[in-house]
Protein chains: 4
Amino acid sequence: MNTFGELFRVTTFGESHGAAMGAVIDGCPSGVALSADDVQRALDRRRPGQSAVTTGRNEADRVELLSGVYEGKTLGTPLAAVVRNQDARSGDYAKLATEDRPGHADRVWRERFKHRDPRGGGRTSGRETLCRVIGGAVAEALLRRDVPALNLVAWVSQVGPLIAPPPPPGLTRAQVDAHPTRCPDAALAERIEARLLEAKAAGDSYGGAITLRVEGVPAGLGEPVFGKLKARLADALAGIGAVTGVVWGGADLEEQLTWPGSRFHALPADGRPRDVYGGIQGGLSNGEPVQVRVLFKPPATLADHARAGRHDPCILPRAVPVVEAMAALVFADLWLSFLARPHRS
Amino acid sequence: MNTFGELFRVTTFGESHGAAMGAVIDGCPSGVALSADDVQRALDRRRPGQSAVTTGRNEADRVELLSGVYEGKTLGTPLAAVVRNQDARSGDYAKLATEDRPGHADRVWRERFKHRDPRGGGRTSGRETLCRVIGGAVAEALLRRDVPALNLVAWVSQVGPLIAPPPPPGLTRAQVDAHPTRCPDAALAERIEARLLEAKAAGDSYGGAITLRVEGVPAGLGEPVFGKLKARLADALAGIGAVTGVVWGGADLEEQLTWPGSRFHALPADGRPRDVYGGIQGGLSNGEPVQVRVLFKPPATLADHARAGRHDPCILPRAVPVVEAMAALVFADLWLSFLARPHRS
Amino acid sequence: MNTFGELFRVTTFGESHGAAMGAVIDGCPSGVALSADDVQRALDRRRPGQSAVTTGRNEADRVELLSGVYEGKTLGTPLAAVVRNQDARSGDYAKLATEDRPGHADRVWRERFKHRDPRGGGRTSGRETLCRVIGGAVAEALLRRDVPALNLVAWVSQVGPLIAPPPPPGLTRAQVDAHPTRCPDAALAERIEARLLEAKAAGDSYGGAITLRVEGVPAGLGEPVFGKLKARLADALAGIGAVTGVVWGGADLEEQLTWPGSRFHALPADGRPRDVYGGIQGGLSNGEPVQVRVLFKPPATLADHARAGRHDPCILPRAVPVVEAMAALVFADLWLSFLARPHRS
Amino acid sequence: MNTFGELFRVTTFGESHGAAMGAVIDGCPSGVALSADDVQRALDRRRPGQSAVTTGRNEADRVELLSGVYEGKTLGTPLAAVVRNQDARSGDYAKLATEDRPGHADRVWRERFKHRDPRGGGRTSGRETLCRVIGGAVAEALLRRDVPALNLVAWVSQVGPLIAPPPPPGLTRAQVDAHPTRCPDAALAERIEARLLEAKAAGDSYGGAITLRVEGVPAGLGEPVFGKLKARLADALAGIGAVTGVVWGGADLEEQLTWPGSRFHALPADGRPRDVYGGIQGGLSNGEPVQVRVLFKPPATLADHARAGRHDPCILPRAVPVVEAMAALVFADLWLSFLARPHRS
């Protein structure tokens, strides 16, 4: 189904080459400062055509707010937003009406849904994620008001065999956006860019990983036993198109899992919880930074098929705001859930 | 919250040292063959005291069915099951009332819920997972009736640095249960057992991985875009206590993510989808075996604290039926969802 | 919240004088014949300005489908529809920004939501119901495909003191629409019209009742114990703005409740269930016509306030398609729920 | 399905002659004072065998709390409660295995669920409502802590043709319970009792109405547009077995609906909202007493069938705590929802 969240909910709609994509956000309290510009800025970070390493499809992706905001603030009513599809060269995809692209969802989707819109993947297109970014922008507006210390940032931490070292605390989105690859390690970013241009020329592609780090998380977010912060993030992140794994803790978690518990759990000198927990214990945020690595498959649109449509040789740079949006939706939802129940001793 | 699933739902309850643990399963159709023995057999695979490598806590974990079954078949009404807590030596935990165990959820739980049952971790105890096994047993009864070809099996694929090779297709639970470690590779199983006995003696522990493989999955299960099979499994599995990662595809997925797309997506000679997809494309099962690796932290109960209570040096062997139960709940739920909507061309 | 339904869901949005109203329908199977014209026809039955007895506000209420339909059939993906607000003379409502209209939701809404859109009642406007009609049109398209014998018709059965006799079985919407009052009793319809024109001239208003009758309902729809057909309809109908009561059975149910059970339950000569049950027993449809009477308060916009904006002296004629839409949503949802669980002996 | 509520949820289970009935309450915050005695007292008001005008079935209905409470206060974890079925003379019902009782749900339930427990109606028995009373007792414990001014009281306002005048404000449950009929008008109560004893002797039965009045409701409870207080109460109350109507406002609402709006909405001299609104405007509580009348069919178990089992000639006296319980569940749920969203200007 196409609704995400319990108390703070986003419902998305739209086929890649239909009239429009959009989202309805329900459950946002009133009085949250929000404008179409806030949402537009979020979309601009995801939109195609940003650099040489992304798809050539050119979509302005202009958002219009239809409801839920009045005089610059949310009304506590559903907020609907739409983005018209403009650069929809369906002709490029004409032959897809009868042919399933290997590695894509075409076949299984066709068998399940029987009647489908073959143009550009229809609802299975990565374009669907722009709706999530709309939802994330509203979630972030709420979090800015209610949890201003929150610093929710994702970055490209791996492309193919190229793996970035962990950035220092306090990383900002501006620092991430400084390079088109969205890898905050300047030297590695250059190597990644070169690798991707090479892949693009060859009709090839790369996967890798995005790391999400959320600093300033209030302790205690999560709803055990089936709404743990861990499970909600896993649900949110694994639901993104090309994601093939979600791993908490630091970049070397797989290595750390080979250790005995006495080493794994050994307290650092400062007595604070170890970062092996990824900021989550007992399903609740523990007040430390929440950190999770999201693994992405390489895009399956290759060679001829890549030329037939338009594609990204690597979706990671543009997936960064999508990962952030899904995480923001989870935190906004769990924040409202936290407020809903006044636990007392 | 404590309910999992949309159409096939389990609601769990119980504190580790309270009167009882239990579950209510709602949404199971009528006419499914089910007895208390079926549920008991599932619980017996999870219960403590099964071998030298698990906890010494001795709980018979006898289940009683209170409703929902009549003359050996489900009624289509809620099925409630309870397991009384017997071996509740709360005295062992007396000091925990005032002291938070490092690496445990004690502190964050106490800060969030203010009033808590400190005995044995209360609701945060791994004992909570027996309720999930009850739910899984009912889900499997439904799947046996409606999807008899399904073969849903999990096994211990890694303990600390010891990593098992992939088992051949058609692996059975009997083969997995043949060794107390639940590692189906006989030689590695011996080494794992030795390592765990050593850790137990030293008051130490190990994490690792459980791999889940589901053969015979009908193509098309999943509800895009927010109820994809991938997301539902991630939610289900990441919600298990010590889980710290969920990765689709084969054991070498992290290695495969360093490859270019042309290699990653290259079709095998037989033209079938690659196992790098873990049996899921576009969020739907693609008819191939669904395979996912679940990463577990080592238990945090060590040394003195281990001696104060009773503990497993490695929870992986006993977590195998829990992983299977959560997966069965997901498949049962998505199966009913599949039936609910007659898609046509 | 603004989502209705479990498996077949509608999410609505829009303020009376904002940019647009709209709805997202999720969970409709693919392959259901549907066009924008189908939805438009439903909206035309609800839109203002249809006759002398309704509001003078003139809204074309043109619907645009943004997603979910391709080549005249649903895709199994979310269907989004929007209607632009055109005749939004907010100036008429300028003074409402600071003044609460008596009998309206203005005060409680303002106190709850703190920040509100005062223009025309904002989200509390009856205009919100057009979104429900969109949802109902999609629900009816599904029901036409899957339950073609269903005949779901509502009519105005009471206006103030004027009460219509029960119409014969097989009543059609065309018969109901034959008179602008939507009272199918021709003689009473004339008296109602005269009464309403008089009230309009006097700045006064009337309430009354709409009766809903659904013939051809498959037996067994409903999900006990909290999703009974009765409860789902009550939820759906009591959620319409001015509704103040929901009563099953025939027009004389209140009279019949004074009878002893031996008379109330006495079987008719033909041995079929009595219509006192309103077609529902044990929370499930019993195969007989489902019948329910929906009581409506008179509109609270009177005299000066009526002149400041534009209003209906009686909302009943225009509420008929809204009652039908909410009922259709319930039946579509319970129909999918019925399919989801293959009960067997 | 068998779960009611969004944030404060009750899940019920149990067949009339199975092992036990019970409920799991999820979402109650921690620190709420609650004991098994609190729940027992609520059950004692509903249990059979209280007086000559109720069923002769004798069930002690002793409740046991299995989880969720520790040292006299809730833990913020699911609270499970069970009541063993004791006086289950299934023999009385033996013939029902093959015979459907007229006026009962037997036939439709059998056709829908195929396999059913025929003993005493199984899940369709009115005995199911004891689970709702358990849920209501927990909801009331929360409301006592958080909304102590709330006074939620229901009473028998009509039995057959005998209709009670409205009681004065501040009515208490003790006053209602003072007479076995639960009609607070002493004179009418005597007449009702006589009428019911007569009906019982004749194997006959009566329906009527229960009125619910909730004083001290905070203004603003409800979640428009589909979770209005009105809709949530309608859902809750119409879901009770024999309920056949739900009407807001005073006892003479049907009469008031014949009035023009100018009279219906005329403000009383004190300027407070009219009680015709039943304490609800725009779907939100308006700060005035919430009042709703719940219409009940006469029991269908008559004559021979009445003698075969054991029955109430009128379920209204025992339904009073059920109505209160369902209402308390709605208010607790909407209260948490109110807290979840900090609306600001």
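Residues numbered from 1 in each chain as written. Chains lettered and ligands numbered in written order. Predicted model: local features only at pLDDT ≥ 70, side-chain atom pairs only at ≥ 80, totals over all residues. Heavy atoms only, no water.

A. Representation of the sheet that holds strand 5 (residues 63-65) of chain C. Residue and element names in this part refer to chain C. Here 5 strands make up an open sheet; going across it, the order is 1-2-3-8-5 and the pairing antiparallel. Only two strands of the sheet have a single partner each, and these edge strands are strand 1 (3-4) and strand 5. Looking at chain direction, strand 2 (residues 9-13) and strand 3 (residues 20-26) are connected through 5 bridges and run antiparallel. Across the sheet, F13 pairs through a bridge with G22, a residue of strand 3. Across the sheet, helix 1 (residues 36-46) touches strand 5 and strand 8 (79-84), and the angle it forms with strand 5 is around 150°. (Pairing = 2+ DSSP bridges. Helix = DSSP H or I, 4+ residues; strand = E, 2+ residues; numbered from the N terminus. Contact = heavy atoms within 4.5 Å. Axes fitted to C-alpha atoms, helices over the stretch in contact; angles between N-to-C directions.)

B. Local environment of the relation of the copies chain A and chain B. Relative to chain B, chain A is turned by 180° and slid 0.0 Å along the rotation axis, the superposed coordinates differing by an RMSD of 0.0 Å. The transformation just described matches what one would write down for a two-fold rotation axis. In terms of C-alpha distance to the rotation axis, chain A has D235 of chain A as its closest residue, with the C-alpha 2.3 Å off the axis. Most of the interface of chain A is mirrored in chain B: 99% of its interface residues are interface residues there too. (Least-squares fit on C-alpha atoms with pLDDT ≥ 70 in both.)

C. Quick look at the pattern of salt bridges. All names here are of chain A. Counted according to the given criterion, the structure contains 88 salt bridges over all chains. In this structure, E140 and R173 form a salt bridge, with 2.5 Å as the shortest nitrogen-oxygen distance. Separated by 33 residues along the polypeptide, E140 in helix 3 (residues 129-146) and R173 in helix 4 (residues 173-177) bring together distant segments of the chain. For E140, a relative accessible area of 16% translates into the label buried. (Salt bridge = Lys/Arg side-chain N within 4 Å of Asp/Glu carboxyl O. Buried < 20%, exposed > 50% of the residue type's maximum accessible area, 1.4 Å probe, protein only.)

D. Quick look at the interface of chain D and chain C. If you look at the interface, chain D gives 85 residues, while chain C gives 85 residues. Across the interface of chain D and chain C, roughly 6700 Å² is buried in total on both sides, 60% from carbon and sulfur atoms. The interface formed by chain D and chain C holds 2 salt bridges in total. As a salt-bridge pair, R112 of chain D and E223 of chain C come within 2.8 Å of each other at their nearest N and O atoms. The interface formed by chain D and chain C contains 42 residue pairs in polar contact (both at pLDDT 80 or more). Bridge count between strand 12 (residues 243-248) of chain C and strand 12 (residues 243-248) of chain D: 3 bridges; the pairing is antiparallel. Each residue of the ladder has a partner; that of G245 of chain C, found in strand 12 of chain D, is V247 of chain D. (Buried area = accessible area lost by both parts, 1.4 Å probe. Polar contact = N/O pair within 3.5 Å; in protein donor to acceptor, adjacent residues only side chain to side chain.)

E. Region of the structure containing the packing of aromatic side chains. Residues and elements named next belong to chain B. Scanning all chains against the criterion turns up 13 aromatic pairs over all chains. Measuring from centroid to centroid gives 4.6 Å for W109 and F113, while their planes differ by 35°, and the two rings are tilted. Within this pair, W109 and its partner F113 are both found in helix 2 (residues 106-113), separated by 4 residues, close to a single helical turn. F113 shares its class with W109; the two are buried. (Phe/Tyr/Trp six-rings, centres within 6.5 Å; stacked < 30°, edge-to-face > 60°.)

F. Local environment of the packing of helix 3 of chain A against helix 10 (residues 316-340) of chain A. Residues and elements named next belong to chain A. Across the interface, helix 3 lies against helix 10 with an axial gap of 7 Å and an inter-helix angle of 45°. Taken together, the axes of helix 3 and helix 10 lie oblique to each other. Our pair here, helix 3 against helix 10, has a crossing hand that is left-handed. Residues T129, R132, V133, G135, G136, A139, E140, L142, L143 and D146 of helix 3 pack against P321, V322, E324, A325, M326, A328, L329, F331, A332, W335 and L336 of helix 10. In the contact of helix 3 with helix 10, the residues fall into 14 nonpolar, 3 polar and 4 charged. (Parallel < 35°, antiparallel > 145°, perpendicular 65-115°, else oblique. Left-handed = near helix turned anticlockwise from the far one by under 90°. Nonpolar A, V, L, I, M, F, W, Y, C, P; charged D, E, K, R; others polar.)

G. Up close: helix 1 (residues 36-46) of chain B. Residues of helix 1 of chain B that are buried include every one of D38, V39, Q40, A42, L43, R45 and R46 of chain B, and no others. Those residues of helix 1 of chain B that are buried are in contact with strand 4 (30-33), strand 5 (63-65), strand 8 (79-84), helix 3 (129-146), helix 4 (173-177) and helix 10 (316-340) of chain B.

H. Focus on unusual backbone geometry. Along the chain, P224 of chain A connects to V225 of chain A via a cis peptide bond; the corresponding omega equals 0°. Looking at the secondary structure, you find V225 of chain A in the loop between strand 11 (208-215) and helix 6 (229-238). Phi is positive for E71 of chain B, which is not a glycine, with a value near 50°. Relative to the assigned elements, E71 of chain B resides in the loop between strand 6 (69-70) and strand 7 (73-75).

I. Examining the environment of K200 of chain B more closely. Residue and element names in this part refer to chain B. Residue placement: K200 occurs in helix 5 (residues 186-201). Along the chain, K200 and P313 lie 113 residues apart, while their C-alpha atoms are 5.3 Å from each other. In this structure K200 touches A52, T54 and P313, once residues within four positions along its chain are discounted. Only 2.8 Å separates the side chain of K200 from the backbone oxygen of A52, close enough to count as a polar contact.

J. Just the relation of the copies chain D and chain C, in detail. Superposing chain D onto chain C takes a rotation of 180° combined with a translation of 0.0 Å along the rotation axis, leaving an RMSD of 0.0 Å. The share of interface residues of chain D whose copies in chain C are also at the interface is 100%, consistent with both copies meeting through the same surface.

K. Region of interest: the side chain of E288 of chain A. All names here are of chain A. Looking at the secondary structure, you find E288 in the loop between strand 14 (284-285) and strand 15 (290-296). We classify E288 as buried; its relative accessible area is 14%. What E288 contacts, discounting residues up to four positions off in sequence, is V214, R272, P273 and G279.

L. Seen up close, the environment of L302 of chain A. Take L302 of chain A: it is sitting in the loop between strand 15 and helix 9 (303-308). With a relative accessible area of 17%, L302 of chain A lands in the buried category. Sequence spacing of L302 of chain A and S205 of chain A is 97 residues, and the spatial spacing of their C-alpha atoms is 7.2 Å. With near-sequence residues (within four places) excluded, L302 of chain A lies in contact with G203, D204 and S205 of chain A together with G261, S262 and H265 of chain B.

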